[in-house]
Amino acid sequence: MKPFIPQLVYIEPNALDYPLGRELKEKFEQMDVEIRETTSHNQVRGIPGETDLQKYRNAKSTLVVGVRRTLKFDTSKPSAEYAIPLATGCMGHCHYCYLQTTLGSKPYIRAYVNLEEIFEQASKYIEERKPEVTRFEAACTSDIVGIDHLTHALKETIEFIGKTEYGRLRFVTKYHHVDHLLEAKHNGKTRFRFSVNSRYVIKNFEPGTSSFDERLEAARKVAAAGYPLGFIVAPIYRHQGWEEGYKELFERLKDSLDGVNLKELTFELIQHRFTKPAKNVIMKRYPKTKLEMDEEQRKYKWGRYGIGKYVYKTEEAEELETMIRGYISVYFPQAEVQYFT
Ligand code: SF4
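The notes below deal with the structure included here. Values in this document were obtained by computation on a predicted structure and should not be read as measured data.

### So, the overall build of the protein chain
Point 1. Broken down by element type, the protein chain carries 11 helices and 14 strands.
Point 2. Compactness check: the protein chain gives a C-alpha radius of gyration of 20 Å against a globular reference of 20 Å for 341 residues, within 12% of the reference.
Point 3. By its C-alpha atoms, the protein chain is 55 × 50 × 35 Å across when sized along the principal axes.
Point 4. If you take every contact in the protein chain between residues at least 6 apart in sequence, the share linking residues at least 24 apart comes to 76%.
Point 5. Approximately 15,900 Å² of the protein chain is accessible, and the part contributed by carbon and sulfur atoms is 49%.

### Let's talk about the site of the ligand
Point 1. Surrounding the ligand, one finds C90, G92, C94, C97, L99, D143, K174 and T209.
Point 2. Classifying every residue of the shell around the ligand gives four nonpolar, two polar and two charged.

### Quick notes on the packing of helix α5 (residues 144-151) against helix α6 (residues 153-163)
Point 1. In the contact formed by α5 and α6, the axes pass within 6 Å of each other and the chain directions differ by 100 degrees. Between α5 and α6, the crossing angle belongs to the class labelled roughly perpendicular. Residue-level contacts link I144, V145, D148 and T151 of α5 to A153, L154 and K155 of α6.
Point 2. Tallied by class, the residues present in the contact of α5 with α6 amount to four nonpolar, one polar and two charged.

### Describing the sheet that holds strand β1 (residues 8-11)
What links the strands of a sheet is backbone hydrogen bonding, and the strands pair in either a parallel or an antiparallel sense.
Point 1. Within the open sheet, the five strands sit side by side as β2-β1-β3-β6-β5. Their pairing is mixed. Looking along the sheet, the strands with just one partner apiece sit at the ends: β2 (34-37) and β5 (87-88).
Point 2. In terms of strand pairing, β1 meets β2 through four bridges, oriented parallel. Bridging across to β2, Y10 finds its partner in R36.

### Side note on the pairing of strand β7 (residues 134-137)
Point 1. Looking at chain direction, strand β4 (residues 82-83) and β7 are connected through two bridges and run parallel. Across the sheet, residue Y82 finds its bridge partner in β7, namely F136.
Point 2. Relative to strand β8 (residues 167-173), β7 runs parallel, the two sharing four bridges. Looking at the pairing, E137 lines up with R170 of β8.

### Concerning the packing of helix α4 (residues 115-129) against α6
Point 1. Taken N-terminus to C-terminus, the directions of α4 and α6 make an angle of 35 degrees; their axes are 11 Å apart at the nearest point. Here the hand of the crossing between α4 and α6 comes out right-handed. Where α4 abuts α6, its residues L115, F119, A122 and S123 lie against A153, E156, T157 and F160.
Point 2. Here the residues of the contact of α4 with α6 are counted per class, giving five nonpolar, two polar and one charged.

### Examining the sheet that holds β4
Point 1. Strands sit in the order β4-β7-β8-β9-β10-β11-β14 across an open sheet of seven strands; the sheet is parallel. The sheet is open, and its two edges are formed by β4 and β14 (336-340), each paired on a single side.
Point 2. The pairing of strand β10 (residues 229-236) with strand β11 (residues 266-271) spans five bridges and is classified as parallel. Bridging from a neighbouring strand, I236 pairs with Q271 of β11.
Point 3. Sitting on the sheet, α6 touches β7, β8 and β9 (190-196), and the angle it makes with β8 is about 150 degrees.

### Topic: α4
Point 1. Relative to the 21 Å expected for 15 residues at 1.5 Å per residue, α4 spans 21 Å between its end C-alpha atoms, a close match to the ideal helical length.
Point 2. Among the residues of α4, L115, I118, F119, Q121, A122, Y125 and I126 are the ones counted as buried. Projected onto a plane normal to the axis of α4, the buried residues spread over an arc of 160 degrees and lie on a single side. Of the exposed residues in α4, those oriented more than 90 degrees away from the buried face are E116, E120 and E128.
Point 3. Contacts from the buried residues of α4 go to α1 (19-30), β4, β6 (109-112), β7, α6 and β8.

Thresholds, definitions, all that
- Throughout, residues of each chain are indexed from 1 in the direction in which the sequence is written.
- Reporting of local features is limited, given that this is a predicted model, to residues whose pLDDT is at least 70; pairs of side-chain atoms are given and counted only at 80 or more, and all residues count toward the totals for whole chains, interfaces and linings.
- Side-chain numbers here rest on the full set of heavy atoms in the structure, without hydrogens or water.
- Helix and strand definitions here come from DSSP, where helices need a minimum of 4 consecutive H or I residues and strands a minimum of 2 consecutive E residues; each element is numbered from the N-terminal end.
- Two things to know: the radius of gyration comes from C-alpha atoms, and the globule rule equals 2.2 Å times the number of residues to the power 0.38.
- The criterion used for residue contact is that any of the two residues' heavy atoms lie within 4.5 Å.
- Computed with the Shrake-Rupley method and a 1.4 Å probe, the accessible areas treat only the protein chains shown as cover for residues.
- We call a residue near a molecule or strand as soon as one heavy atom of that residue lies within 4 Å of the molecule or strand.
- Only Asp, Glu, Lys and Arg are considered charged in this grouping, and only Ala, Val, Leu, Ile, Met, Phe, Trp, Tyr, Cys and Pro are considered nonpolar; every other residue, Gly among them, is considered polar.
- Only the stretch in contact is used when fitting a helix axis, every axis being a line fitted to C-alpha atoms; angles between N-to-C directions are given from 0 to 180 degrees.
- By definition in this entry, angles of less than 35 degrees are roughly parallel, angles greater than 145 are roughly antiparallel, angles of 65 to 115 are roughly perpendicular, and the rest are oblique.
- Strand pairing is assigned whenever DSSP identifies at least 2 bridges connecting the two strands.
- Rotating anticlockwise by less than a right angle from the far helix to the near helix defines a left-handed crossing, while the corresponding clockwise rotation defines a right-handed one.
- Every helix has an expected span of 1.5 Å times one less than the residues it contains.
- Exposure is judged per residue with a 1.4 Å probe applied to protein chains only, and the accessible area is read against the type maximum: over 50% gives exposed, under 20% gives buried, and values in between give partly exposed.
- As used here, the arc belongs to the directions running from the helix axis to the C-beta atoms.

Next comes the structure, spelled out in structure tokens:
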């Protein structure tokens, strides 16, 4: 998997007031990428394509360089107190991705350049909670590692959090382009997580992302660079032969991590879920998907804003949880399972 290069770049004029904005403009000029101006990263017009599907695909390779105006961070993540907004959108094409609906008609990728303001806000949150630790999740609305070779915003954030006493950073990725992050001064305060799954799920539902082997090679590198390492197994999905599929996943994980320091290894487990609006969007964008989304086979769980989600029925979910926790206790007895949801 080659590092992401946008086919088209939009820049907000205000973004050029910031060093990162100017740097990115120069970089894309040198790379000969077409650059256009947009008044706002929230209203990008003119992404090429004759059909909605073409526009969607082109949007996923369009990068918008903008200024983050809403500095209030989102809360209520299972893995962190706050979402730190460095980017929105992703070039991956995972069929099940929840960004399909949360980003609605704006699937293009936005990178924010006003890092100092974002860090100031983060410092306020840390200050409010201290001496409690404050965890920030950097991958709630994007796969930040996948674009960071271009912006280095994540690298700066890692170093910013590394200097705080009570701040922690975490993010998850399906990309392996981590080399520039290996030298970041993280001070052990950033947890680097990789998303992993059974062969079946990666092959059928995760086009446009790094392969399992590439992700694992990157995991070895970041562990060697002293980052606390974690894996998110998501979405845990009941495909035919899933018991064996997930067993094989943990066997391969174990083999690939041979010799790596796994003292602080963590796992997070998330079962597959979908909402009705997501199902409609997915069927339009990936009409041939094998992703099973039969409401009858699932349990309805009430959600925020009145949009409930369909998860596995209680017994099936319990079976998944027991089985996966069992594999972890066999292959990684020292690891902490942070949650199953
Ligand atoms: S890599 Fe992550 S953010 Fe990107 S499309 Fe896949 S699931 Fe969505």
